Amino acid sequence: MAIIQSNQQIAQGIWRMAISGAPTGRAGQFFMLRVPGAVNLLLGRPISICQSDAGTGETTFVYQTVGRGTAQFATLKPGQEIDAQGPYGNGFSLKEGHTVIIGGGIGTAPLLQLAKELRVGDPDRRIDVYLGFREESYLENAFELYADSVTVKRGGFVTGDVDFSLNAQYYACGPAPMLRAVANAAEKANATLFLSLEKHMACGVGACLGCTCQTNGGRKRICKDGPVFDYREVRDAI
Amino acid sequence: MPSSPLCLSLCGVALQNPVIAASGTFGFGHEYAEILDVSRLGGISGKGLTLHGSAGNKGVRVYETPAGMLNSIGMENPGVQHFVDREAAFMRALGPAVIANLGGHCEEDYLEGTRLLNGADIDILELNISCPNVKAGGMALGMLPDTAADITRKVKAVSRHPVMVKLSPNASELVRVARACQEAGADALSLVNTILGMAIDVKEKCAVFDNIYAGLSGPAILPIALRMVHQVAHAVSIPVVGLGGIASAEDALKFMMAGARAVQIGTMSFANPSAMLEVIDGLAGYCASEGLSNLQEIVGII
Ligand SMILES: Cc1cc2nc3c(=O)[nH]c(=O)nc-3n(C[C@H](O)[C@H](O)[C@H](O)COP(=O)(O)OP(=O)(O)OC[C@H]3O[C@@H](n4cnc5c(N)ncnc54)[C@H](O)[C@@H]3O)c2cc1C
Ligand SMILES: Cc1cc2nc3c(=O)[nH]c(=O)nc-3n(C[C@H](O)[C@H](O)[C@H](O)COP(=O)(O)O)c2cc1C
Ligand code: FES
């Protein structure tokens, strides 16, 4: 059982929770989080790794309170136990060279650990980050630590600001309309783009087939074969 | 060495304990084998198969409800032949008894599926006439005594494996369906499959599931499932396997006291992947504290 180290609101409806005592994972992986003993709230909630520190064993999540489960997370206090199953999922595969990261809303959360791993892997590469928020922004200061540029847009899509014709790798996570816009732009420019997808999940390990999607390579499970996919594979799923 | 107090025989198949992974909640065992010792289970019922396989339903497929969940997977599966060629041997190597769960859209699909499964090294064929998430066939066959008996008889005539018929809690005359399956030659019965339910997204003013209705499972359905197992177990002489919302050894004991020789656990594995192992340990502890030489002594005491 993992222990909550901190759990604080960082923006309207947005919380950051740090836990220890769970195995640490990589950027793009997620945990199924659940308050132990809460049979009423039965299923774990998939929440991405926002920051992971193998040294201290701490994992940080940033989550938005949207319903019953995440509202319950927001009531948890440091020292309390939380059931953190994982890390699950494939995670981002780290490519070399210039990288462009595009996040929308709470979809920015998993991209922070990505920026960190890319920076640690190559101190000299260029990393440009574009973040879009409906209202209040968050995490942009944390991205400054790893990125060469951070562009933040409040209200409207940030995608319009991104140049897809660069000789770079693109990574995106955010609401479905944003992912579709990014995929369309990447297709026109023939860019390399990886997307992190989400779907309702029950098991998180690939056993229930609750989260499958149609890909070029047949049916795939977002929790186990994803959540990160090459956009070309999942055009029909977004 | 004396035999374990948890061991039993189900349709002539030796199980090391009465805890079986429920169909559709455990894949074919690969995924959970990565995170827990699945060799300790009594049995594994694989994902429901259909003759030609299926991509399943579109839209939202799983949705939590108070103490339970609704699912509308729609029998996504790789087809019977894929199972025979690629999965059955893997399941056998895991150790627990191998149960193949067979669904279908029409009689001919069931019979051809049964013939193909004759070529696989499995222990029991679980005949699924109770899936609420496929349009034709599926649950329809399990709703009435006559259709349930008819398909059971025909599958029995073809199958070289013992046949356990999985019953639907949505049948209005469940006990008559159970008796009809017994008379048609079923070797065992398992119940319950999911209970037909529904969810509505009030904000979007629409049904959550593309199929509108979906199957309810988990602790929320336990009292209903328990009552049905009790009714059926008292009406038939063939073994009954009970399931529906089991989360603990105590829950498993309730089903056994109500008449189930063995139990299956589904939804609870999602919430807690080690739930089944905890139940096995709890049942062993119960035998020790109650001084039972075999857990089967409590079957049907109520
Ligand atoms: C791989 C993955 C990573 C994610 N990472 C994050 C993250 O880092 N931060 C964050 O805030 N959110 C993240 N999400 C979304 C998050 O899982 C949902 O917001 C959360 O499950 C909602 O739970 P709830 O009980 O508050 O909402 P409710 O609407 O009450 O939930 C009801 C049910 O629907 C499911 N559900 C509802 N919305 C979603 C959704 N968008 N995606 C998946 N399941 C949903 C819930 O898990 C629950 O089972 C991620 C989703 C996935 C699939
Ligand atoms: C996601 C999911 C998929 C299922 N798929 C099947 C299936 O393929 N075949 C079947 O006979 N039952 C299927 N079931 C029903 C379960 O095997 C079981 O009968 C039901 O969930 C009740 O048990 P539980 O409350 O322990 O989950 C499925 C259940 C769930 C939750
Ligand atoms: S959530 Fe169960 S297969 Fe992905």
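To be clear, the structure that these remarks concern was listed above.
Caption draft 1: Representation of helix 6 (residues 222-233) of chain B in the model. Residue and element names in this part refer to chain B. Compared with the 16 Å implied by 1.5 Å per residue over 12 residues, the 16 Å span of helix 6 between its first and last C-alpha is a close match. For helix 6, every residue scored as buried is listed here: Leu222, Ala225, Met228, Val229, Val232 and Ala233. Along the long axis of helix 6, the arc covered by the buried residues comes to 130°, so they all point the same way. Among the structural elements, helix 5 (174-183), strand 10 (188-191), strand 15 (240-243) and helix 7 (249-257) are those in contact with the buried residues of helix 6.

Caption draft 2: View of the site of ligand 1. Around ligand 1 sit 20 residues in total, of which Arg45, Pro46, Gly69, Thr70 and Glu198 of chain A are the nearest. Taken together, the residues near ligand 1 originate from chains A and B. Separating an oxygen atom of ligand 1 from a backbone N or O atom of arginine 68 of chain A is a distance of 3.2 Å. The separation between an oxygen atom of ligand 1 and a polar main-chain atom of glycine 69 of chain A is 2.7 Å. Relative to its unbound accessible area of 820 Å², ligand 1 is 87% covered by the protein chains. Listing elements by their share of the shell around ligand 1, those giving two or more residues are strand 4 (45-48), strand 6 (58-64) and helix 1 (68-73) of chain A. A per-element tally of the shell around ligand 1 places strand 4 of chain A first, with 4 residues. Considering only residue class, the shell around ligand 1 consists of 9 nonpolar, 6 polar and 5 charged.

Caption draft 3: Structural view of the interface of chain A and chain B. Contact with chain A, which involves 26 residues of that partner, is made by 29 residues of chain B. Sorting the residues of chain A by area buried against chain B places Leu42, Ala207 and Leu209 of chain A first, and these three jointly supply 24% of that buried surface. Taken together, the links from chain A to chain B amount to 5 salt bridges. A salt bridge links arginine 219 of chain A to glutamate 76 of chain B; its shortest N-O distance comes to 3.4 Å.

Scoring rules and cut-offs
- Residues numbered from 1 in each chain as written.
- Chains lettered and ligands numbered in written order.
- Predicted model: local features only at pLDDT ≥ 70, side-chain atom pairs only at ≥ 80, totals over all residues.
- Heavy atoms only, no water.
- Helix = DSSP H or I, 4+ residues; strand = E, 2+ residues; numbered from the N terminus.
- Expected span 1.5 Å × (residues − 1).
- Buried < 20%, exposed > 50% of the residue type's maximum accessible area, 1.4 Å probe, protein only.
- Arc of directions from axis to C-beta.
- Contact = heavy atoms within 4.5 Å.
- Near = heavy atom within 4 Å.
- Polar contact = N/O pair within 3.5 Å; in protein donor to acceptor, adjacent residues only side chain to side chain.
- Areas by Shrake-Rupley, 256 points an atom, 1.4 Å probe, with all protein chains shown as cover.
- Nonpolar A, V, L, I, M, F, W, Y, C, P; charged D, E, K, R; others polar.
- Buried area = accessible area lost by both parts, 1.4 Å probe.
- Salt bridge = Lys/Arg side-chain N within 4 Å of Asp/Glu carboxyl O.

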